[in-house]
Amino acid sequence: MSQPSHQPDADRRKLLRALGGASLAGIATHQAWASGLLPTPPNLQAANGSMLKISPSRAVGPLQAADANGVRLPQGFTSRIVARSGQRVAGTHYTWHSTPDGGATLARPEGGWIYVGNSEVDKGQGGASALVFNRHGEITDAYRICSGTSRNCAGGMTPWGTYLSCEEVSRGRVYECDPLGKKAAQRRDAMGLFEHEAAAVDPQTGYVYLTEDKPDGCLYRFVPTQFGNLASGTLEVACTASADTVTWKRVPYPVPRSTSSRDSTRNQVAGARRFNGGEGCWWHEGTVYFTTKGDDCVWSLEVKHNRVQKIYDAASHASPILDGVDNLVAASNGVLYVAEDGGNMQVCLLGQNGKTAAVLQLVNQPRSELTGVAFSPDGSRLYFSSQRGTTGSGSGGITYEVSGPFLSLGV
């Protein structure tokens, strides 16, 4: 296993002493404010919020008939549409982006939260936008946080309150964005130029785990030179150590020397482990969960021991409930919610026991896919998009909110 060239724990300890014992989230957020990437909020509170931890107490019930929004839900859950592509977001002057994809949420220091979502449009017309909710769940604002980029597919929120928006194009980049919309998005080329999909940050180390949407793609780890600063660091690729463990080796040229396949990040290191079409990626309590669409699998990476396991394989089920794995998110109780790209147009729960159950389904949208799954900070609302809606075109994208007792659900 390669050794990082810096000491992130030492960096955090120094900052901890300087701030007099602030929480990790508070430290990281303070770093972002101090660096100027985020404006200082009026009240110095942790900007990433936290979800309640409630043990699952009941299984998902049967899905009811579709509601007025075309969403099938268990009893006790309700839906609303919060944005439509090409239309002004209600109560704002902002037109919601086309082809909505990956998303994430961030708690606001003054109360409420922000949902950010990508736009997977090509030729420099992509980017990311934000929806702002007050403490009552009412939309109060909407705006652009990243522009001039292409095929922004997924990404992830950082512990220091920024959003990583990833381009799924050849030599695609990661952009670090300000969810508050005050600062311009920053290119993070040290994180590699390749067909990025999603990103998940370990809040203890600041390491960023990255998936690659290629049939022979890789799993990457970015080790920043300084905790909370992604401008420089070491890009590493997971390499096979044994059947269920990986080791990490440095990618010599995160910015490839040429556009040829042999110089791509996935082909620079011998022994790099291949994953068939990396998609969603999420960190939860010491484990990185990610999906691969090419073989319809969900994986876990236990970061302490670099242990990789396949926790779900659709091929092992005669009639899989979960089919077409894509974006995913973990509720605070550890239950995974996996969105389907096609399949039965469902978001499914995946338990630690490998069991699955559908928690919602869209009807009459056969040419779309579900994207952007993310919980509100308190875990009571789930956001997601239908990328192409009922029209089958990115201009018909729809972004939804579902409310209900999610944290009581298990499988």
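What you see is a predicted model; the values in this text were computed from it and never measured.

**Quick look at the sheet that holds strand 3 (residues 78-84)**
Item 1. Spatial ordering of the open sheet is given by 3-27-26-25, a layout of four strands whose pairing is antiparallel. Strand pairing shows two members of the sheet lacking a second neighbour, strand 3 and strand 25 (370-375), which therefore form its edges. Looking at each pair of strands side by side, their axes are set apart by 20° on average, direction ignored.
Item 2. When strand 3 meets strand 27 (residues 398-403), the two strands line up antiparallel, connected through six bridges. When the sheet's bridge partners are listed, Arg84 is paired in strand 27 with Ile398.

**A few points about the sheet that holds strand 8 (residues 152-157)**
Item 1. Read from one edge to the other, the open sheet built from four strands follows the order 8-9-10-11, with strand pairing classed as antiparallel. Of all strands in the sheet, those with a lone pairing partner are strand 8 and strand 11 (186-187), marking the two edges.
Item 2. Pairing of strand 9 (residues 163-167) with strand 10 (residues 174-177) involves four bridges; the strand directions are antiparallel. Bridging from a neighbouring strand, Leu164 pairs with Glu176 of strand 10.

**Thoughts on the side chain of Ser119**
Item 1. Relative to the elements of secondary structure, Ser119 occurs in strand 5 (residues 113-119).
Item 2. Relative accessible area serves as the criterion here: at 1%, Ser119 is assigned to the buried category.
Item 3. At 2.8 Å, the side chain of Ser119 and the backbone oxygen of Ser98 are in polar contact.
Item 4. Aside from chain neighbours lying at most four places away, what touches Ser119 is His97, Ser98, Thr99, Gln125, Gly126, Gly127, Arg151 and Asn152.

The rules behind these values
- Residues numbered from 1 in each chain as written.
- Predicted model: local features only at pLDDT ≥ 70, side-chain atom pairs only at ≥ 80, totals over all residues.
- Heavy atoms only, no water.
- Pairing = 2+ DSSP bridges.
- Helix = DSSP H or I, 4+ residues; strand = E, 2+ residues; numbered from the N terminus.
- Axes fitted to C-alpha atoms, helices over the stretch in contact; angles between N-to-C directions.
- Buried < 20%, exposed > 50% of the residue type's maximum accessible area, 1.4 Å probe, protein only.
- Polar contact = N/O pair within 3.5 Å; in protein donor to acceptor, adjacent residues only side chain to side chain.
- Contact = heavy atoms within 4.5 Å.

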